[in-house]
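Overview (structure and organization)
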Amino acid sequence: STATPCDIMLFGALGNLARRKLIPAFYQLDRAGLLAEGSRILALARRNLDIAAVHRQLLGALEEFVNPEEFDRSAAEGFLQRVDYQILDFNNTEDFQVLNTWRDGARNELIVYMACPPAMYGVIGRNLHAVSCCTERTRVVVEKPIGHDLESSRVINDELGAIYKESQLFRIDHYLGKETVQNLIALRFANNLFASQWDQNHISHVEITVAESVGIEGRWGYFDKAGQVRDMIQNHMLQLLCLIAMDPPSDLSADSIRDEKVKVLKALRKVTPDMMANYVVRGQYTAGTSTGVLVPGYLEEEGANKRSETETFVALKVEIDNWRWSGVPFYIRTGKRLPEKLSQIIIHFKPAPHYIFDPDQRHLANNKLIIRLEPDEGMSLRILTKDQGLHKGMRLRQGPLELTFSETFDAGRIPDAYERLLWEVMKGNQYLFVRRDEVEHAWRWVDRIIQNWNEGGEPPKRYAAGTWGPVASIAMITRDGRSWYEDA
Ligand code: BG6
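All values derive from a computational prediction rather than experimental measurement.

1. Focus on the overall build of the protein chain
Counting secondary structure elements, the protein chain contains 15 helices and 17 strands. Taken over C-alpha atoms, the radius of gyration comes to 24 Å for the protein chain, in line with the 23 Å a tight globule of 488 residues would show. Projecting the C-alpha coordinates of the protein chain onto the three principal axes gives extents of approximately 80 × 50 × 45 Å. Out of the 488 residues belonging to the protein chain, those deemed buried represent 55%. In the protein chain, once contacts between residues fewer than 6 apart in sequence are set aside, the share between residues at least 24 apart is 78%. Here the protein chain displays about 21600 Å² of accessible surface, and carbon together with sulfur accounts for 51% of that area. In the protein chain, 59 positive and 66 negative side-chain charges are present, and the distance between their average locations comes to 3 Å.

2. Looking at helix α10 (residues 254-267)
Its 14 residues place the ends of α10 20 Å apart at the C-alpha level, agreeing with the 20 Å of an ideal helix rising 1.5 Å per residue. Counting buried positions along α10 yields 10 of 14 residues, so the element is predominantly enclosed. Residues of α10 that are buried: A254, S256, I257, R258, E260, K261, V262, V264, L265 and A267. Elements that come into contact with the buried residues of α10 comprise α7 (179-190), α9 (220-245) and α14 (436-456).

3. Some thoughts on the UniProt feature "binding site: substrate" (unreviewed entry) in the protein chain
UniProt annotation of "binding site: substrate" (unreviewed entry) refers to H174, K178, E212, D231, K336 and K341 when read in the numbering used here. Residue position: D231 is located in helix α9. Residue D231 is classed as buried on the basis of its relative accessible area of 3%. Residues in contact with D231, not counting those within four places in the same chain, are K144, R219, Y222, F223, H236 and K336. One can find K336 in the loop between β12 (330-335) and β13 (342-349). Beyond its immediate sequence surroundings of up to four residues, K336 is in contact with E212, V214, G215, R219, F223, Q228, D231, Y285, T312 and Y463.

4. Here we look at unusual backbone geometry
Working note: non-glycine residues mostly have negative phi, and peptide bonds are mostly trans. The amide bond that connects K144 to the next residue, P145, takes the cis arrangement and shows omega of -10°. Along the chain, P145 falls in the loop between β5 (139-142) and α6 (150-161). Looking along the chain, the bond that leaves E374 and enters P375 is cis, with omega of -10°. Within the chain, R337 stands out as a residue other than glycine whose phi angle is a positive 55°. Tracing the chain through its elements places R337 in the loop between β12 and β13. Note on R337: relative accessible area 14%, which makes it buried. The phi angle at D376 is positive, at roughly 55°, despite the residue not being glycine.

5. Examining the nonpolar core
Counting 131 residues, the largest nonpolar core has F11 and L128 as its most contacted members. Looking at this core, the element that brings in the most residues is α9, giving 11 residues. Residues within four places of F11 in sequence aside, it is in contact with L44, L88, F90, F96, L99, V112, Y113, M114, A115, C116, I124 and L128.

6. Some points on the state of the cysteines
For the structure on display, the rule yields 0 disulfides. In this model C116 remains outside any disulfide bridge; the closest cysteine sulfur is found in C134, 14 Å from its own. Its relative accessible area of 10% is what places C116 among the buried residues. Counting only cysteine sulfurs, C133 is the nearest neighbor of C134, a cysteine outside any disulfide, at a range of 5.6 Å.

7. Thoughts on the packing of aromatic side chains
All chains considered together, the criterion is met by 14 aromatic pairs. On the basis of an interplanar angle of 80° and a centroid distance of 5.0 Å, the ring pair of F170 and F433 is categorised as edge-to-face. Note that F170 is positioned in strand β6 (residues 169-171) and F433 in the loop between α13 (417-427) and α14, a separation of 263 residues in sequence. On the basis of relative accessibility, which here comes to 0%, the residue F433 falls in the buried class.

8. A short note on helix α15 (residues 471-478)
Taken residue by residue, α15 has A472, S473, M476 and I477 as its buried positions. Buried residues of α15 fall within an arc of 135° about the axis and therefore sit on the same side. Buried residues in α15 make contact with α11 (276-279), β8 (280-286), β11 (313-318), β12 and β17 (461-464).

Reading guide: rules and limits
Residues numbered from 1 in each chain as written. Predicted model: local features only at pLDDT ≥ 70, side-chain atom pairs only at ≥ 80, totals over all residues. Heavy atoms only, no water. Helix = DSSP H or I, 4+ residues; strand = E, 2+ residues; numbered from the N terminus. Rg over C-alpha atoms; globule rule 2.2 N^0.38 Å. Buried < 20%, exposed > 50% of the residue type's maximum accessible area, 1.4 Å probe, protein only. Contact = heavy atoms within 4.5 Å. Areas by Shrake-Rupley, 256 points an atom, 1.4 Å probe, with all protein chains shown as cover. Lys, Arg positive; Asp, Glu negative; His and termini not counted. Charge placed at Lys NZ, Arg CZ, Asp CG, Glu CD. Expected span 1.5 Å × (residues − 1). UniProt positions renumbered as here; feature names shortened; annotations may be inferred. Core = buried A, V, L, I, M, F, W, Y, C linked by side-chain atoms within 4.5 Å. Disulfide = S-S within 2.5 Å. Phe/Tyr/Trp six-rings, centres within 6.5 Å; stacked < 30°, edge-to-face > 60°. Arc of directions from axis to C-beta.

Written as structure tokens, this is what we have:
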């Protein structure tokens, strides 16, 4: 089914996010026949360019960021026919009048996508309102991070809330659009097999790793003010944790799911200053060899402030203080310039209550469920079987029950997160978007960690680019008699 025809106003249309993700996602939706007939995109930016120049730029973005097998020049040119351009000073109310002209009687649903710094969200909203461009049906999409702490996120959310109802606001966390992440909901709530095992009776601990081999990709200006906690933990990592930890929602509606996620965020144990040494590791990369290439350290990146203490790596031990998860730590780590692009969640089940096999093999004796977001989206359940061969006796062996989505289902290409999220916006479904109280509870929790850092005065621990972060992150988990999982 297609959505109804939409008019999409894309603020920041020539920026990084639009070029890398949004324009390619719209192109893919168009190619898949999912942009309804008559849907249009209005690219908005400050640069004085004519439409031909904008089309050239966007075509360049498609060439660069769409997978070469999926790039088709004539499809791309066809898609660009839907894209108009308007130079606009986002601060100037007068300028916004022209948007009404473009709206052309406002027959289509209006979607406003603010792909610009969050400090602009309020002013854009007010200016759209001042020229009566929006209605109660308008959907507004905003990007993370909403602010840089609880206070500033409240200011931004208040500004938006003064103009739009919560039901109009689509706060993006693109991890919620990833195929495997959505599958967490299916895995957990469609399979009774797991439902009955999903708690402290059966699970010993959970690991979540989101590793990237890239550095900060020329984004020093943004990244140095944010750091890995604000850029990845406050949003993506806590969202993953919520989907693993939440109680079953009573239905798939946006609020049922979000209510359950909020309960998890409220139950996260506050990180006090005396917990910092055992529960938090922050790191910053130095020069090293990353995927075979010698790369500079964080402090040597272009535009770097040589004394920056911004973290590019974090490992945390998170406790959830509720009935289901009492005593089950969630070890989470994320960083730049790690050895590979790898995102996975590992559920470590407790060993069988009574063990009758070779004592030497005891370490094998817990089942694991590995949920892969990247690469090779899929799942693998590690179970124990008997080794073959008469002379092996009852030697155990751990093997995978394997589900790789692309191989098992032959379903063609897996859509990118932004495609799915844009599609949901066009359909008006909010369940993959973040509600205001989620944002705020997440900030409240991470703010404490950042505050402890600021007060503790201990600089980040160094790690060489191309390694798995500071050794302290290994020590953190080893102290509990565990280790970060490595695929054998
Ligand atoms: C973004 C962060 O939200 O997510 C980036 O700002 C990060 O720093 C990116 O690189 C990772 O997303 P993905 O989809 O490539 O895992």
